[in-house]
Structure formats: structure tokens, C-alpha cells
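Now for the letters of each chain:
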Amino acid sequence: MDAVLLDNGAWRVKAGLGGDASQLEPGLTAPNCCGKLKGHLGALAADEIDEVVRTQQLYFQRPADRGYVTDWGLEFDVWARVLGAPGLNASNLEQRTLYLTEAPLAPAPLQEYGLEMVFEEFCFGGVCKAPAAAFAARRHCADAKASAANPAAAACASACVVVDSGFSFTHALPFHNGRCLREGVRRVDVGGKLLTNYLKELVSYRQYNMMDEFMLLNDVKEKTCYVARDFGAELRRTRAPPRGELERSYVLPDFQTRMKGFVLPPGCAAADENAQALKVENERFCVPEVLFHPADVGIAQGGLAEAVHAAVQACPLPLHAALYRNVVLTGGNARVP
């Protein structure tokens, strides 16, 4: 039975078609939300959101709240756009199996609503749903065992901790032989949304008022931010001569000659003398640091390292060495370099 792959993230939905794994067709990615332009009655969904230039004029409605899909009516509109003619143009869904990702430990009623939409609204022939971390763990174990030099190394590869950092939160999930050890699952209430909002506040306080520019500041975050190996050393570099070594300038769109912003190469000036540039320096590594120290923004939780440690310690002792050895990163927020 042919497959439809649907990674239903809270920020973006990724979809593709395929028969066996060697014949997967190129897929698509689109915002997992609907929206309305101010002063317009028509609604936009999925890839139509990407076509809007002035995103500050959009009123967003997201089907996911705190990582869990709570509005299946909005989700239906997004899936219809992604699976229909504007997107994958998937036909004969009753003869296809849907491979669907969902948030870890989703409440049972929300899972039931999802199954109702899969079978009653879209009429799929079958469904295989699991957290994205489960698919990542199976792929890691299969690749590690295939490349293992001896049986001992193959046995060690059967256990791993998957760090799934997405739009709404970050999870550390231990796996053994493809099975999630639920007693070890740990959650940190920091995701890409919180980091972008934090960057918005920093920039709005220090430079321009950007509180209505979520999409723009998310682009700034993705193009300029990075995780510091030594936070204290990076902070000292911003204060020591030569000043500005870590500074980057993001040229803002003017919606006349430039519809999208871009980052200037270090030491270069914008070709347009009238261009407005957003300068970021310590914000580049201070914002991702919240993943490791949520208390910096008032969240009374341990960070990512503490979550991974707690997840491993909650598992049987013989698995600890293998779990610490195999830490797998997945999720859009894990793409921060």
C-alpha cells in the first residue's frame, strides 16, 4: 500500500508521497496555520501564508496550542490544502497508509479526534502515528546497527535518547529497541516560539519596535543565532576589542525594492544607503541559551542538559552508558548551529 508522509509540526507541516522507501517523491513544507489579512474576508491556509509579503497584516489562527492540536477544524483546512491539488495532489487515499507524527504523550481525546479526521474526513486506508522522536530513534538504531563493527557495538546502538526540540516545547525521550521508555520522558517548556518572542522583546527594547513582526524576527533568529560552546567566553568577546567581531546586520525589507530581509556578510555595508539594518550581537547566542537555562526568562525548570540527565537516570541502570553515548537531535528548533 502506498504511503503519505505527514510530519504535523506546530510551526510547519511537512508532507510527501511514496511507495517504498527508495521511491519517495519530493514533498513540500508549509505553515501549519490559517490566517486572514486585515480588511479582507477570505481566509488563507498553509502555503498561501508563505505568499503574503506583509505578514504583520496577518491575523494568525493555529490549530496547535502548546504543541497539541486542539482545533481540528483548522487542521482540516491545512491538511486539505497540503494533500489536495494545490499541494501533493494525493489521490485514492483509501488505498494509502498515512504515516503521521504527533506530539509526545498527547491526551487520548485529542488522539481520537485525529483518528476520526484521518478515517472519516480523508478516508485513508490505514494510519501509523507516533511522535517524531520515535521515527528518529528507529532510523538512528537501524543506521547504527548497519555500521556497527561488532555485536557489542550493535547492542549499544539499540538505546538512545532523542531530544525533540520543536515550536512549542522540547522533550528528551529515551528509547530501547525502538520502544519509548515512558517513565524517562522529560519536557522543557522552551521551544522555537518562545525563543522568537524573546528575541522580539530584546530587539524592541534596544532598537526598533518589532513586537508585531513575529515572522520577520523568526527569520532573523534562524539566520543569525547560534549556540555558544562557552557562554561566558562569547560574552567577553562582545566586550573586548576589536568590538563588533560577533555583530551581524540584518537588512530589513522595505516592501518596495526588497520584499525579504537578508544578512550582510561581516564587514560589508548595505548597497542602499537608506536601508534600515537590525544589528544583533550578544542576542545571537543569548537567545538560544534559554534552552539550557530557562530560569533566565522566569521559567522554573532545569535546562536541556538537566532534562537529558533526568531522562537517563529514570531508566534501568544497565542502559545508562548506551543512552548517554547516543543522543539524537530532531525537530526544527534543533537546527540552531
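Quick caveat, the model's predicted, so the values are computed rather than measured. (Residues numbered from 1 in each chain as written. Predicted model: local features only at pLDDT ≥ 70, side-chain atom pairs only at ≥ 80, totals over all residues. Heavy atoms only, no water.)

### Concerning the confidence of the model for the protein
Close inspection of predicted coordinates is inappropriate for parts of the model with low pLDDT. The line we're drawing: Summary of the metric used: pLDDT quantifies the predictor's per-residue confidence within the range 0 to 100. Numbering goes from the N terminus for both helices and strands, where a helix is a DSSP run of H or I of at least four residues and a strand is a run of E of at least two.
In the predicted model, the protein carries a mean pLDDT of 87, and the fraction of residues at 70 or more is 95%. Per-element confidence in the protein is highest for helix 10 (residues 304-313), whose mean pLDDT is 95, and lowest for helix 5 (residues 151-156), whose mean pLDDT is 68.

### Some remarks on the side chain of Glu283
Convention followed: We call two residues in contact whenever any of their non-hydrogen atoms come within 4.5 Å of each other.
Inspection of the secondary structure puts Glu283 in helix 9 (residues 283-286). Those residues in contact with Glu283 that sit more than four places away from it in its chain are Leu199, Leu202, Arg206, Cys225 and Pro288.

### A closer look at the sheet that holds strand 9 (residues 96-102)
Put simply, the rule is: The pairing criterion is simple: DSSP has to find at least two bridges between the two strands. A fitted line through C-alpha atoms serves as each axis, taken over the contacting stretch for helices, and the angle formed by two N-to-C directions is quoted from 0 to 180°.
If you trace the five strands from one edge of the open sheet to the other, you get 3-2-1-9-10, paired in mixed fashion. Every interior strand has two partners, whereas the edge strands, strand 3 (28-31) and strand 10 (126-131), have only one. This sheet shows a mean twist of 15° between the axes of neighbouring strands, independent of strand direction. Of the pairings in the sheet, the one linking strand 1 (residues 2-8) to strand 2 (residues 12-18) comprises six bridges and is antiparallel in character. The residue bridging Ala3 from the neighbouring strand is Gly18, located in strand 2. Packing of helix 2 (residues 72-83) onto the sheet brings it into contact with strand 1, strand 2, strand 3 and strand 9, and relative to strand 1 it is tilted by some 135°.

### Some points on the packing of helix 6 (residues 192-206) against helix 7 (residues 214-224)
To be explicit about the condition: With respect to orientation, any angle under 35 degrees is reported as roughly parallel, any angle over 145 as roughly antiparallel, any angle of 65 to 115 as roughly perpendicular, and every other angle as oblique. Gly is placed with the polar residues, together with every amino acid not listed as nonpolar (Ala, Val, Leu, Ile, Met, Phe, Trp, Tyr, Cys and Pro) or charged (Asp, Glu, Lys and Arg).
Where helix 6 meets helix 7, the axes come as close as 9 Å, and the angle between the chain directions of the two elements is 100°. Viewed along their axes, helix 6 and helix 7 adopt a mutual orientation that is roughly perpendicular. Along its contact with helix 6, which presents Gly192, Lys193, Leu195, Thr196, Asn197, Leu199, Lys200 and Val203, the element helix 7 presents Phe214, Leu217, Asn218, Val220 and Lys221. The class makeup of the residues in the contact of helix 6 with helix 7 is six nonpolar, four polar and three charged.

### Some points on the pairing of strand 2
In plain terms, the rule: Relative accessible area decides the class of each residue, using a 1.4 Å probe on protein chains only: under 20% of the type maximum gives buried, over 50% gives exposed, and in between gives partly exposed.
Taken across its seven residues, strand 2 has five buried, putting it largely inside the fold. A loop of three residues connects strand 1 with strand 2, the two strands running antiparallel in sequence. The pairing of strand 2 with strand 3 spans four bridges and is antiparallel. Following the sheet pairing, Ala15 is matched in strand 3 by Leu28.

### Focus: the sheet that holds strand 6 (residues 58-61)
In spatial order, the strands read 5-4-6; together these three strands make up an open sheet with antiparallel pairing. Only two strands of the sheet have a single partner each, and these edge strands are strand 5 (43-45) and strand 6. Neighbour-to-neighbour, the strand axes of this sheet turn through a mean angle of 30°, independent of strand direction. With four bridges connecting them, strand 4 (residues 34-37) and strand 6 associate as antiparallel partners. Note that in strand 6 the partner of Leu37 across the bridge is Leu58. Running over the sheet, helix 2 touches strand 4, strand 5 and strand 6 and is turned about 95° from strand 4.

### Looking at the pattern of salt bridges
Short version of the rule: Whenever Lys or Arg places a side-chain nitrogen within 4 Å of a carboxyl oxygen from Asp or Glu, that contact is recorded as a salt bridge.
Taken as a whole and assessed by the stated rule, the structure comprises 13 salt bridges. Ionic pairing is found between Arg66 and Asp65, a salt bridge with its closest N-O pair at 3.2 Å. In this structure Arg66 comes out as exposed when scored by relative accessible area, which is 60%. Owing to a relative accessible area of 39%, Asp65 belongs among the partly exposed residues under this scheme. Glu102 is the partner of Lys129 in a salt bridge, and the nearest nitrogen-oxygen pair spans 3.3 Å. Residue Lys129 is found in strand 10, and its partner Glu102 is found in strand 9; the two are separated by 27 residues along the sequence. Through salt bridges with shared partners, a single ionic network connects Asp47, Glu48 and Arg81.

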